[in-house]
Amino acid sequence: MTPTTATNDSLFTQTLRTQRVWDVELPAFDPAAAPAEPVALFRDWFVEAAGAGAVEPHTMHLATVDEAGRPDVRTLMLHDADARGWHFASHATSAKGRQLAARPEAALGFYWPVQGRQVRVRGRVATGSAEEAYADLHARSTGALAAALVGRQSEPLPDLATLADASAAAWERAQREPEAEAKTWTAYVLEPREVEFFQGDERRRHVRLRYRREGDAWTTELLWP
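Every value quoted in this text rests on a predicted model; they were computed, and no experiment measured them.

A. Spotlight on the overall build of the protein. Helix and strand content of the protein: 6 helices and 9 strands. The principal-axis extent of the C-alpha atoms belonging to the protein is close to 60 × 55 × 40 Å. Looking at the protein as a whole, 35% of its 225 residues qualify as buried. Looking at the protein alone, contacts between residues at least 24 apart form 65% of all its contacts between residues at least 6 apart. Surface exposure of the protein reaches about 13600 Å², of which carbon and sulfur atoms provide 54%. Computed over 26 positive and 32 negative side-chain charges, the separation of the two mean positions in the protein equals 5 Å.

In structure tokens, the structure reads:
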């Protein structure tokens, strides 16, 4: 082991072990007062997280599995949450798109450390219509359209110059043709079967409330921390 490696290892370990969690007053959560279905509670928690100063509260982790059953995860943006479920979008030709086509099951994870809260969602993923995908993309920024027009997400990239050229061309087209269509852009909705709400506690008496769908209704249960 070189001195530089040893120093880096020591610095990493020291930094890791000195990190603190929830050095703020955390909100209370009474599961007995929770609504009968999870989307209403999620929307309340989302608004509260944004109001408390959470950075990018609409970002989430999406977990899928590949053709060999190996787990995969990435961070992306939530586009909506309604009675159908949790909405997001991507290219059908991306890694996540191919994985969802082969096995349309996924999990989502939200974490808002400013309030010590997590939300976990599991369920089946349905594909939206072409009209929904088009509306989703064109409700966003020019940069989002340009990125979608570049396409080729998850494919090997020979060098950064190739990306710069493709991105510049896509930006020019997005500005010139704001109604341009990205044919592989796809809307998805995760239809939940389980949704868990986790409220952290400074004394580690975390409150966990899980919703489970049974037919057309939801049941709830508490979980040990």
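B. Expanded view of the packing of aromatic side chains. What the rule picks out here adds up to 12 aromatic pairs. A centroid spacing of 6.4 Å and a plane angle of 40° characterise the contact between Trp22 and Phe198, whose relative ring orientation is tilted. Here Phe198 lies in strand S7 (residues 185-199) and Trp22 lies in the loop between helix H1 (3-17) and helix H2 (38-51), a separation of 176 residues in the sequence. Accessibility assignment for this pair places Trp22 and Phe198 in one class, buried. Measuring from centroid to centroid gives 5.9 Å for Phe110 and Trp112, while their planes differ by 40°, and the two rings are tilted. Pair check on accessibility: Phe110 and Trp112 agree, each one buried. A cation over an aromatic ring shows up here: Arg117 above the ring of Trp45, its NZ or CZ 4.1 Å from the ring centre.

C. Layout of the nonpolar core. Judged by nonpolar contacts, the single largest core of 29 residues is most densely connected at Phe42, Trp86, Phe110 and Val119. The set of elements that each furnish at least two residues to this core consists of H2, strand S1 (59-65), strand S4 (86-91), strand S5 (105-112), strand S6 (117-127), S7 and strand S8 (207-214). Looking at this core element by element, the count peaks at 5 residues for H2.

D. The arrangement of unusual backbone geometry in detail. Not every positive phi belongs to a glycine, and Arg152 is a case in point at roughly 60°. Looking at where Arg152 falls in the secondary structure, it is placed in the loop between helix H5 (142-150) and helix H6 (160-176). Looking at Arg152, the relative accessible area reads 58%, which means it is exposed.

E. Representation of the side chain of Asp136 in the model. Checked against the element boundaries, Asp136 lands in helix H4 (residues 130-138). The side chain of Asp136 is buried and forms no salt bridge, while Arg140, the nearest opposite charge, is found at 4.5 Å. When sequence neighbours within four positions are dropped, the list of residues in contact with Asp136 reads His79, Ala89 and Trp185.

F. Geometry of H4. Residues Ala133, Asp136 and Leu137 constitute the buried set of H4. Looking down the long axis of H4, one finds its buried residues gathered within 95° of arc, a one-sided arrangement.

G. A look at a nonpolar patch on the surface. Together, Leu157, Leu160 and Leu163 make up a nonpolar patch on the protein surface, roughly 300 Å² of accessible area in all. Relative to the elements of secondary structure, Leu157 occurs in the loop between H5 and H6.

Calculation criteria
- Residues numbered from 1 in each chain as written.
- Predicted model: local features only at pLDDT ≥ 70, side-chain atom pairs only at ≥ 80, totals over all residues.
- Heavy atoms only, no water.
- Helix = DSSP H or I, 4+ residues; strand = E, 2+ residues; numbered from the N terminus.
- Buried < 20%, exposed > 50% of the residue type's maximum accessible area, 1.4 Å probe, protein only.
- Contact = heavy atoms within 4.5 Å.
- Areas by Shrake-Rupley, 256 points an atom, 1.4 Å probe, with all protein chains shown as cover.
- Lys, Arg positive; Asp, Glu negative; His and termini not counted.
- Charge placed at Lys NZ, Arg CZ, Asp CG, Glu CD.
- Phe/Tyr/Trp six-rings, centres within 6.5 Å; stacked < 30°, edge-to-face > 60°.
- Lys NZ or Arg CZ within 6 Å of the ring centre and 35° of its normal.
- Core = buried A, V, L, I, M, F, W, Y, C linked by side-chain atoms within 4.5 Å.
- Salt bridge = Lys/Arg side-chain N within 4 Å of Asp/Glu carboxyl O.
- Arc of directions from axis to C-beta.
- Patch = residues over 30% accessible without salt bridge, like charges linked within 9 Å, V, L, I, M, F, W, Y side chains within 5 Å.

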